Amino acid sequence: MQRRTFLKKTSASGLALATLPPITLFNDPEYSIEELMGKADIDLFGEGINLREEAHKAFLEMKKAAYSAGFDVKMISSYRSFERQKAIFERKFIKYTETDGMEPINAIDKIIEYSTIPGTSRHHWGTDIDIIDGYPRVSGDVLVPEKFEEGGPFEAFKKWLDENANKFGYHLVYTDDYFRKGFKYEPWHYSYAPLSKPMLEQFRGINIFRQLIHEEFEGSEHFTTGFLKTYIQNNILGINEELL
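No experiment lies behind these values; they were computed from the predicted model shown.

Okay, the side chain of serine 191 next. Assignment of secondary structure puts serine 191 in strand β4 (residues 189-192). Given the relative accessible area of 0%, serine 191 is considered buried. Of note is the side chain of serine 191, whose polar atom sits 2.8 Å from the side chain of arginine 122. With residues near it in sequence (within four places) discarded, serine 191 still touches Arg122, Thr127, Asp128, Gly169, Tyr170, His171, Val173, Ser196 and Leu243.

Structural data, given as structure tokens:
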């Protein structure tokens, strides 16, 4: 796959400083670049849960409390490796471009309504979860906002999460704030803040431009400097302010 030469000719360090807010410099980072990009083997806990130990313990406490309130917290997605995210991105890119006939840049814009570029997913960290209530009978895709809204099968569960998730350190990531940019509203996606906040702070210190230069996957040759700048600002940082 041929990479666009502008990325190789651009000063990646200058771009990073121009596109990100002031960051803390880490001389001895707690998390490696490989960890933050989903490329390292990390210790994960819980059969079918797959979270870092602290996040796993907090999740079990939340699950127990939800059960007492009449809900069965069902894990849809948690830790996701770089390769897994790459497979998701490529599958969607090929479908949109080859099956649906979309232009590549339009396909990428469609993908990042809900899915991340490989190496930039919060699910790489072992701190983030996609959850539903396992009790209601639901047909079709369960991860759609309408099913968490008034009249939807997860309406009561969402109300419980709004009132209780923060007590266990879990915060909604992509809110329905009208002024928020980036990924669309995901009422099912929560993040364990005590770990994910410092991980995001370190992730902001990674020169993501330089990292992505070396990655090759379906669609990546269509990334432009302007696209990546907007993606970092809107999608990576366009989250619940409680998690910044």
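Moving on, we get to the nonpolar core. By size, the foremost hydrophobic cluster in this structure holds 60 residues, and its most contacted members are Phe59, Met62, Ile117, Ile129, Ile131 and Tyr170. Setting aside its immediate chain neighbours within four residues, phenylalanine 59 contacts Ile49, Leu51, Val73, Met75, Ile129, Ile131 and Tyr170.

So, about the environment of glutamate 242. By the element assignment, glutamate 242 lies in the segment after α10 (225-236). The exposure class of glutamate 242 is partly exposed, given its relative accessible area of 40%. The spacing of glutamate 242 and alanine 193 is 49 residues in sequence and 8.2 Å in space, taken between C-alpha atoms. When near neighbours in sequence (up to four residues on either side) are disregarded, glutamate 242 contacts Asn166, His171 and Lys197.

Okay, helix α7 (residues 155-164) next. Those residues of α7 not exposed but buried are Phe157, Lys158, Trp160, Leu161 and Asn164. The buried residues of α7 all sit within an arc of 160 degrees when viewed along its axis, so they share a single face. Packing partners of the buried residues in α7 comprise α4 (53-68), β1 (73-77), β2 (128-133), β3 (170-172) and β4.

A few words now on the sheet that holds β3. Read from one edge of the open sheet, four strands run β1-β2-β4-β3, paired in antiparallel fashion. In this open sheet, the two edge strands, each paired with only one partner strand, are β1 and β3. Sheet twist, expressed as the mean angle between neighbouring strand axes with direction ignored, is 45 degrees. Sheet topology note: the β1/β2 ladder contains four bridges and is antiparallel. Across the sheet, the residue bridging to methionine 75 is isoleucine 131, located in β2. Along the sheet face, α7 touches β1, β2, β3 and β4 and points at about 135 degrees away from the line of β2.

Rules used throughout
- Residues numbered from 1 in each chain as written.
- Predicted model: local features only at pLDDT ≥ 70, side-chain atom pairs only at ≥ 80, totals over all residues.
- Heavy atoms only, no water.
- Helix = DSSP H or I, 4+ residues; strand = E, 2+ residues; numbered from the N terminus.
- Buried < 20%, exposed > 50% of the residue type's maximum accessible area, 1.4 Å probe, protein only.
- Polar contact = N/O pair within 3.5 Å; in protein donor to acceptor, adjacent residues only side chain to side chain.
- Contact = heavy atoms within 4.5 Å.
- Core = buried A, V, L, I, M, F, W, Y, C linked by side-chain atoms within 4.5 Å.
- Arc of directions from axis to C-beta.
- Pairing = 2+ DSSP bridges.
- Axes fitted to C-alpha atoms, helices over the stretch in contact; angles between N-to-C directions.

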